[in-house]
Amino acid sequence: MFSKLFGNFIAFVYHCFDRIVIHGYLSALSRPEQVVHFVRKVVGVPVVSKELLSQRTADYQNWVEAYARNHHIPIEWAEKGVRKEDHVLPWLRRITNKNAYGVYFVFKSMEQGSTFRISMPKYPTKDPHYRILARQRSRFTHYYFYIRDETLGPMVMRVASFFPFQTTYYLNGHSFIEQELNRAQVGFRKNDNAFLAVDNVAALQAAADRLSPGIIRKRLDYWTFVLGPKFSAKERSALNLSRFYAIAQIEYCRNFIFKRNFPIHKLFERSCELGLWRLTADKIATVFGKRLNRRMRGKLATIIDQIEHGHHVFRAYFKSAVLRQYEKFSTFLRNELCSNNLTDFGLRKGLDHLDEVRQTFQTITSRFAGFQAQWLNVHVDFPLLQRIALPITIGSVRYPGIKIHDARVIRLFEVLLHGGTHVGGWTAKQIHQAVLTTFDLSDQAYGLNQLRYDLRKLKGHGLIERDGSRYAYRLTAKGVQVALLFLFFHKRLCGPIANSRFHHRPDPNHTPNSQLEAAYHRADKAIQKIVDVLAAA
């Protein structure tokens, strides 16, 4: 509904997964009793000790250092205050220019992670090798592998270097779409995290819909096998070392790409105003497809955040999810639904349920866009008079602005609007003669050089055009609309109201049966009311 309402301004609309964070768990080593079984039965060591688990960590860390050294991959410790994605950007550009795939950077970071604590039992047991294993979170080394994948595009894989070697994968749906469009040889223009132009919109949406659990699992299994912790053939045959992939965080976005940038900020500004007033708790629950009740936990609120100077984000919170809207690059408007807990929507977090997540999130973003389209179905202010009054520079030529109170321009517009018989356009002499005749002017009051100066201004602003190579002029489509607005403003709106305020106000008791005259009287009353309120203040 949003795209239908603003179809004249919107170039195309597409929706897709944006950011996906997936946790990978070793299903055979996720519980303490499984680790005990692995050490005793598979490795063949009777006692589960910290030294044994630490040796596994040391072996993996040595392997990572050797892998980076053998493949000439930079490996560094992450510095505090430095954004990792910005730091690795030169290496990403380098591998992209080579059209190569693989790991291009490795970060080391000391972070909190899930592991096991080993302790002696408080009282003696029949088994002298018995040890207590319990889950805990401790601080140890994590590795961030920055990868350019041939299917998923740029992605990040984080591997914990201590048991149970939990992995985390950071994917971007726009990167997957980019790879798909390149394979299909569909032209596009992409800036940062959005497609701003595309030759085939249907191909763009089809590529976004092709992102499936099977494709993601295949690539994650491959990179986990290559970069993950190493197990011997004996250990692999004794245990099922497959990983269970669960969605930890997911973002789904609906992008409205505009042909021109001037409506975007006005629409977003109005959306924020209406959202704060109209998007109440019951409306938020309706957007998210839930019924509001007293037992509902979490947040139900709308706020506007200022991320940086001049960049605002509208947020609607529902439990632990948030629906964001913001404008970017003065080119597109994005509705983005982010969730850290899929149980808020009655969804399961396993990767196999990604299609159900897509359908639910697509419905929510569509419903939110529909609400906004209803609220925004009003006139929006466009500063035409302010813009056209400013001078513009095209190449090395500077054209003056056009003022709405310029009588010469008003006369010229009125003459050009009545040029229906001049199919091939008006020459400058014909226009000059028509202006002099229509308004009873002399050559001294309005000379031919003055006319040519005015024509130059109108042509610079795109309001008139030449007929081929001839020096004959006619109004463009934009020029016709601007000319009508200028003339209506003076003759039908500003002129009669100004006259009623300062010269003669018609008697309301003898109003003719005219809708236009009734509207003038209402405008007079409204202006008088404002004057009275200001005087009282």
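Just so it is clear, the model here is predicted, and its values are computed rather than measured.

Chemist: How would you sum up helix α8 (residues 213-227)? Please name residues and give values.
Modeler: Counted at 1.5 Å a residue, the expected span for α8 with its 15 residues is 21 Å, and the 21 Å between its end C-alpha atoms agrees. For α8, the set of buried residues is Pro 213, Ile 216, Arg 219, Leu 220, Trp 223, Thr 224 and Leu 227. Buried residues of α8, seen end-on, are gathered within an arc of 140° and therefore sit on one face of the element. With respect to the buried face of α8, the exposed residues turned more than 90 degrees away are Lys 218 and Phe 225.

Chemist: Can you lay out empty space enclosed by the protein for me, pointing to particular residues and giving the numbers?
Modeler: Under the defined criterion, the tally for this structure stands at one cavity of 30 Å³ or more. There is about 30 Å³ of room inside the largest cavity. Of all the elements in the fold, those that place two or more residues in the lining of the largest cavity are β6 (167-172) and α6 (173-183).

Chemist: Could you give me a rundown of the packing of helix α17 (residues 477-502) against helix α18 (residues 515-536), with the residues and numbers involved?
Modeler: Running from amino to carboxyl end, α17 crosses α18 at an angle of 60°, the nearest separation of the two axes being 10 Å. Taken together, the axes of α17 and α18 are oblique relative to one another. Judged by the sense of rotation from one axis to the other, the crossing of α17 with α18 is right-handed. Mapping the contact onto sequence places Arg 492, Leu 493, Pro 496, Ile 497, Ser 500 and Arg 501 in α17 and Leu 516, Tyr 520, Ala 523, Asp 524, Ile 527 and Gln 528 in α18.

Chemist: With reference to specific residues and values, describe the layout of surface pockets.
Modeler: There is about 1600 Å³ of room inside the largest pocket. Considering the residues around the largest pocket, the lining is formed by 43 residues, among which Arg 83, Glu 85, Asn 172, Asp 192 and Asn 193 are closest to the centre. Along the lines of polarity and charge, the residues of the lining of the largest pocket split into 15 nonpolar, ten polar and 18 charged.

Chemist: Hey, could you go over a nonpolar patch on the surface for me, with residue numbers and the actual values?
Modeler: The grouping of Leu 276, Trp 277 and Ile 304 at the surface amounts to a nonpolar patch, some 360 Å² of accessible area in total. Position of Trp 277 relative to the elements: it lies in helix α10 (residues 262-278). Accessibility expressed as a relative area gives 73% for Trp 277, which makes it exposed.

Chemist: Account for the sheet that holds strand β16 (residues 426-427), with residues named and values stated.
Modeler: Reading across the sheet, the three strands line up as β16-β18-β17 and stay open at both edges, with antiparallel pairing between neighbours. Looking at the sheet topology across the chains shown, the edges are occupied by β16 and β17 (464-466). Where β16 and strand β18 (residues 472-475) come together, two bridges link them in antiparallel fashion. Bridge assignment links Trp 426 to a residue of β18, and that residue is Tyr 473. Running over the sheet, helix α14 (residues 407-417) touches β16, β17 and β18 and is turned about 90° from β18.

Chemist: Could you give an account of the pattern of salt bridges, naming the residues involved and the relevant values?
Modeler: Overall, the coordinates contain 18 salt bridges when judged by the stated rule. A salt bridge links Glu 336 to Arg 334; the shortest N-O distance between them is 3.8 Å. A network of salt bridges, in which partner residues are shared, links Asp 18, Glu 251, Arg 324, Arg 334 and Glu 336.

Chemist: Please provide a residue-by-residue account of the pairing of strand β9 (residues 243-258), values included.
Modeler: Most of β9 sits out of view: 13 of its 16 residues are buried. One ladder, built from 14 bridges, connects strand β1 (residues 10-26) with β9; its direction is antiparallel. Paired with Ile 20 across the strands is Ile 250, a residue of β9. By the bridge criterion, eight bridges tie β9 to strand β13 (residues 332-339) in an arrangement that is antiparallel. Of the residues in β13, the one forming a bridge with Glu 251 is Cys 338.

Chemist: Tell me about the packing of aromatic side chains, and please be specific about residues and values.
Modeler: To describe a pair of aromatic rings, one takes the distance between the centres and the angle between the planes. Throughout the structure, instances matching the rule amount to 23 aromatic pairs. Three or more aromatic residues joined by ring pairs make a cluster, and in this case those are Tyr 60, Trp 63, Tyr 67, Tyr 143, Phe 145, Phe 163, Phe 165 and Phe 231. Just above the ring of Tyr 144 sits the side chain of Lys 84; from NZ or CZ to the centre is 4.9 Å.

Chemist: So what about α14? Which residues, and what values?
Modeler: One full turn of an α-helix is made of 3.6 residues, so residues set three or four places apart face in the same direction. Burial analysis of α14 places eight of its eleven residues in the buried class, which makes it a mostly covered element. Its buried side turned inward, α14 meets β16, α15 (428-439), α16 (448-460), β17, β18 and α17. Capping the start of α14, Asp 406 holds a side-chain oxygen 3.1 Å from the backbone nitrogen of Arg 408, two or three residues further along.

Chemist: So what about the state of the cysteines? Which residues, and what values?
Modeler: Evaluated as defined, the whole model comprises zero disulfides. Just so you know, Cys 253 is unpaired, no disulfide at all, and the nearest cysteine sulfur is the one on Cys 16, 3.9 Å from it. Classification of Cys 253 as buried rests on a relative accessible area of 0%. Here Cys 272 stays free of any disulfide, with the sulfur of Cys 253 as its closest cysteine sulfur at 18 Å. Owing to a relative accessible area of 7%, Cys 272 belongs among the buried residues under this scheme.

Chemist: Can you explain the nonpolar core? Please cite residues and give values.
Modeler: Residues Ile 22, Val 103, Phe 145, Leu 171, Ile 250, Phe 288 and Phe 361 are the most contacted members of the largest nonpolar core, which totals 62 residues. When residues of this core are assigned to their parent elements, the largest contribution, eight residues, is made by helix α12 (residues 354-375). Those residues in contact with Ile 250 that sit more than four places away from it in its chain are Phe 17, Arg 19, Ile 20, Leu 337, Cys 338, Ser 339, Leu 342, Leu 354, Val 357 and Phe 361. If you look at the next biggest cluster of nonpolar residues, it comprises 28 residues, including Val 409, Leu 412, Tyr 473 and Phe 486.

Chemist: For the environment of Leu 204, give the residues involved together with the corresponding values.
Modeler: Mapped onto the fold, Leu 204 is located in helix α7 (residues 201-209). Apart from the residues within four sequence positions on either side, Leu 204 is in contact with Phe 12, Tyr 14, Ile 177, Leu 181, Phe 195 and Val 198.

Chemist: Before we move on, can you summarise the confidence of the model for the chain with the specific residues and values?
Modeler: Any segment with low pLDDT has predicted coordinates that should not be analysed in fine detail. Counting all residues, the mean pLDDT for the chain is 85, and 95% of those residues have values of 70 or more. Of all helices and strands in the chain, the one with the weakest mean pLDDT is helix α1 (residues 2-5) (65), whereas β6 scores best (95).

Chemist: Residue-level account of the environment of Leu 92, with values.
Modeler: Within the fold, Leu 92 resides in helix α5 (residues 89-97). Separated by 222 residues in the primary sequence, Leu 92 and Phe 314 have C-alpha atoms spaced 32 Å apart. Those residues in contact with Leu 92 that sit more than four places away from it in its chain are Tyr 104, Arg 148 and Pro 154.

Parameters at a glance
Residues numbered from 1 in each chain as written. Predicted model: local features only at pLDDT ≥ 70, side-chain atom pairs only at ≥ 80, totals over all residues. Heavy atoms only, no water. Helix = DSSP H or I, 4+ residues; strand = E, 2+ residues; numbered from the N terminus. Expected span 1.5 Å × (residues − 1). Buried < 20%, exposed > 50% of the residue type's maximum accessible area, 1.4 Å probe, protein only. Arc of directions from axis to C-beta. 1 Å grid on protein atoms, 1.4 Å probe; cavity = no way out; pocket = protein on both sides within 12 Å on 5 of 7 lines; lining within 4 Å. Points joined across faces, edges and corners; volume = space filled by probe spheres on them. Axes fitted to C-alpha atoms, helices over the stretch in contact; angles between N-to-C directions. Parallel < 35°, antiparallel > 145°, perpendicular 65-115°, else oblique. Left-handed = near helix turned anticlockwise from the far one by under 90°. Contact = heavy atoms within 4.5 Å. Nonpolar A, V, L, I, M, F, W, Y, C, P; charged D, E, K, R; others polar. Patch = residues over 30% accessible without salt bridge, like charges linked within 9 Å, V, L, I, M, F, W, Y side chains within 5 Å. Areas by Shrake-Rupley, 256 points an atom, 1.4 Å probe, with all protein chains shown as cover. Salt bridge = Lys/Arg side-chain N within 4 Å of Asp/Glu carboxyl O. Pairing = 2+ DSSP bridges. Phe/Tyr/Trp six-rings, centres within 6.5 Å; stacked < 30°, edge-to-face > 60°. Lys NZ or Arg CZ within 6 Å of the ring centre and 35° of its normal. Polar contact = N/O pair within 3.5 Å; in protein donor to acceptor, adjacent residues only side chain to side chain. Disulfide = S-S within 2.5 Å. Core = buried A, V, L, I, M, F, W, Y, C linked by side-chain atoms within 4.5 Å. pLDDT = per-residue confidence, 0-100.

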